[in-house]
Every structure is written in C-alpha cells, then in structure tokens.
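Observations on chain architecture
Chain by chain, the residues:
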Amino acid sequence: MGGFLGSLTGANQANAAAQAAKAQADAARQAAEQQAAAYNQSAGIQSGAATQAAKGLQDAYGTGTAAQVNGYNNANDTLNQGYQSALGFLQPYNNLGNQATGQLSQGLSDGSLTRSFGATDFNADPGYQFRLEQGMNGIQQSAAAGGGLMSGATLKALQNNNSNLASQEYQNAYNRYSSDQANRFNRLAGLAQNGQSLAQGMGNMAYQNATNIGNNQIGIGNAYYTGQLGAANANSQGILGAANAQSEGILGAAGARSTGLNDAAQAIANGTIGSANARGQGAGNMMNLAGQMAAAYFTGGTSLAAGGGKSFGSPALPSTTSNNLPNIQSNGLNLINPDLYGQSNMPKPLPANFFSTNSTK
C-alpha cells in the first residue's frame, strides 16, 4: 500500500529525481576532477618536453659552434703550414736575389759597372797582354838566334810590334771590357729582378694568408655569436613553451572544474524541479481521486463510510476492500492532503471530512 500511495502522490518520482540528480552531480564532479587531473598531467608532460627540447637544441648549438670553431682553427693551422712550406722553397732564391741586388748596388756605387774604358783597362786586358808577350818573345828569340838580340833593329822591331798591336787590340780590349761589364750587370740585374719577383710573390702570399686567417677569425666570431644567439633563443622558446603548457593546463583544469560544477548544479536544479513537479503531480492525482470519490458519494453510490456496497438508488459500487484500496474511513486517511508536507515543505491543510454520519438518510 505504501508503494501505491507513494506512486499516487509522486513521492517515488520525487525521490527518484533527487537520487538521479545526485548521481548526475557526483558523476559531473568526478568527470571534472579526472579532466582537471588529465590537464595537469598533460601540462606537466608538455612542459617537460619543451624544457628537454630546448636543452637538446642548446646542446646542439654548442656542439655545432665548437665544431665550427675547431674547423676554422684547423684551417688556420693548415694555411700557416702551407705558407711556411712555400717560404722554405722560395727563400734560397730570394736570398740569391738579395745578394745580386747587393753586388749590383755596390758596382753602381764604386763605378766598377759604370766607369769608362781606360789605358789601365787596356793594359790589363788579358788578350792584349797575351799577344804582346807572344810577339815580343818571337822577336827576341829570332834576334838571339842571329846574334843581334841587343841590336837597334831588334829594339825597333819590338817597338813596331807593340805599337801595331796596341792599335789593333785596343778596340778588341774595349769590346771585351764592355761586354764583361754588360754581362756582369745583366746577370746581377736578372738575379735581383728574380729576387724582387719572389719577394713580391712572398709578400702576396703573406697578405693572402693573413687575409684568409682573418676571415677565419671572423668566422669564429660569427660562429660563437650564432651559437650563443641560437642557444639563447632555444632556452627562451623552451621557457615560453613550458610556461604556455603550464598555463594551458591550469586554465584547462579550472575550466574543467567550472564545467563540472555547472553540470552538477544543473543536475541538482533539474532534480529539484523534477522532484517538485512529481510532488505537484501527486497532489493533483490525490485531488482528482478525492473529487471522484466525493462525486460518487453525492450521486448516491456506494457508502464509503460503511465500506461495503450499500446502494442509494443506484447500482452498488465495488467494495474498496475488494479493489485492494484502503478503507479510508477506518484508516483515517486524508485524501485531500496526504502526508506530503514532510518532503515537499507544503503547509498541511485542515482535514476535510466528506463522510457525514447522516449519509444514510
């Protein structure tokens, strides 16, 4: 009977709505907490990944920078070795050119390469001296053989020989003297010029070597700058990525909790509304039942007070007992306002008695 009355009055529906609302609210809270935990866990993973990625990028920049600097230093060492090797090959020729330049300078200074041909040079000419000696020896030997070595004819012959030979050999001696000076000058000048060319080449080599090393030094500076800048950017990106991940996690967790609270509140509100609607429907059901019973009573139907099928000018109604309905009079139930005030907080109205003791009149 209690279940029937609960169904009739809406109490069962109200309790069911309240329980369903509580279950929905609890489920919403649990889902929100799980989602918030997932956001926090994801934020931690993303933050750690961003930090690790930034650290790895920093290490890569450091390794790359060290490799570049090492390469530039090796290149500088190679350039210096090549330059020193080239100097070793060219230095002897350069020294020879320097010596020739010194001798050429000395010959120009003391006049040995610039003075004119003179009698001293003529008399010192080896060709002239050789022919002069040969001619004098021939005349003297001839005179000695004839017994006139100290004769005037011998002396005259010697004078004529010397005079004729001097006239003939002077030009030859001059030519030889000039040719020797020119040859000496040209040889010294050629060596000096070679030395000058080698000096220029070595100077160009030194300049080019210095330029290459300077460019490599600039490259080292650029490599350090690029590496430091890249590492700083990587570190900055890692910090920003970690901060963004944590921020998104915090915001996501807060949003999840907020959504859970809103869903829980909405579920409770729906349950409260459903419970109130169920109780209102139950009260309406009771009012309809009471109205139907009162109409039956006033039309002369079965006597409800007696509880047994007495007729008042109309066919007998079925007994409430036979329909498994409660005996309202004997049980003292109030059909207008059953005991719902304890759950719905409705004011309990005064009992209404539809059954008078003179109903049999």
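Residues numbered from 1 in each chain as written. Predicted model: local features only at pLDDT ≥ 70, side-chain atom pairs only at ≥ 80, totals over all residues. Heavy atoms only, no water.

1. Some thoughts on the overall build of the protein
To keep things clear, this is the line we draw: A run of H or I in DSSP counts as a helix once it spans at least four residues, and a run of E counts as a strand once it spans at least two, with each numbered from the N terminus. Here the term buried applies to any residue with accessible area under 20% of the maximum for its type, exposed to any over 50%, and partly exposed to those in between, with areas from a 1.4 Å probe on protein chains only. We get accessible surface area from the Shrake-Rupley algorithm with a probe of 1.4 Å; when it comes to residues, only the shown protein chains can shield them.
Check the secondary structure of the protein and you find seven helices and zero strands. The buried share of the protein, reckoned over its 361 residues, is 27%. Carbon together with sulfur atoms contributes 56% to the accessible area of the protein, which is approximately 22,300 Å² in total.

2. Looking at the pattern of salt bridges
Worth spelling out the cut-off: Any carboxyl oxygen of Asp or Glu within 4 Å of a side-chain nitrogen of Lys or Arg constitutes a salt bridge here.
Per the stated rule, a full pass over the model turns up four salt bridges. With a shortest N-O distance of 3.5 Å, Arg257 and Glu33 are connected by a salt bridge. Note that Arg257 is positioned in helix α5 (residues 152-298) and Glu33 in helix α2 (residues 11-110), a separation of 224 residues in sequence. For Glu33, a relative accessible area of 44% gives the class partly exposed. Shared partners join several salt bridges into a network, and the residues in it are Lys22, Asp26 and Arg29.

3. Some words on the side chain of Asn216
The following threshold applies: Note on definitions: a residue-residue contact is assigned when non-hydrogen atoms from the two residues lie within 4.5 Å.
Within the fold, Asn216 resides in helix α5. You can call Asn216 buried: its relative accessible area is 13%. Those residues within four positions of Asn216 in sequence are excluded, and the remaining contacts are Tyr72, Ala75, Asn76 and Leu79.

4. Quick notes on the confidence of the model for the protein
How we decide: Confidence scores per residue from the predictor, reported as pLDDT, run from 0 to 100.
The share of residues in the protein with pLDDT of 70 or more is 70%, and the mean pLDDT across the chain is 75. Confidence, read as mean pLDDT per element, is least for helix α6 (residues 328-331) in the protein (39) and greatest for α2 (87). Predicted confidence is poor over residues 303-361, with pLDDT under 50, and the contacts of this stretch with residues over four places away or in other chains come to 72 contacts.

5. A short note on the environment of Ala75
Counting through the fold element by element, Ala75 comes out in helix α2. For the pair Ala75 and Ile213, spaced 138 residues apart in sequence, the C-alpha to C-alpha distance is 8.1 Å.

6. Quick look at the environment of Asn80
Examined against the element boundaries, Asn80 turns out to sit in helix α2. Look at Asn80 and you get partly exposed, because its relative accessible area is 34%. As for Asn80 and Asn209, which are separated by 129 residues in sequence, their C-alpha atoms are 7.2 Å apart. Not counting chain neighbours up to four residues away, the residues in contact with Asn80 comprise Asn209 and Ile213.

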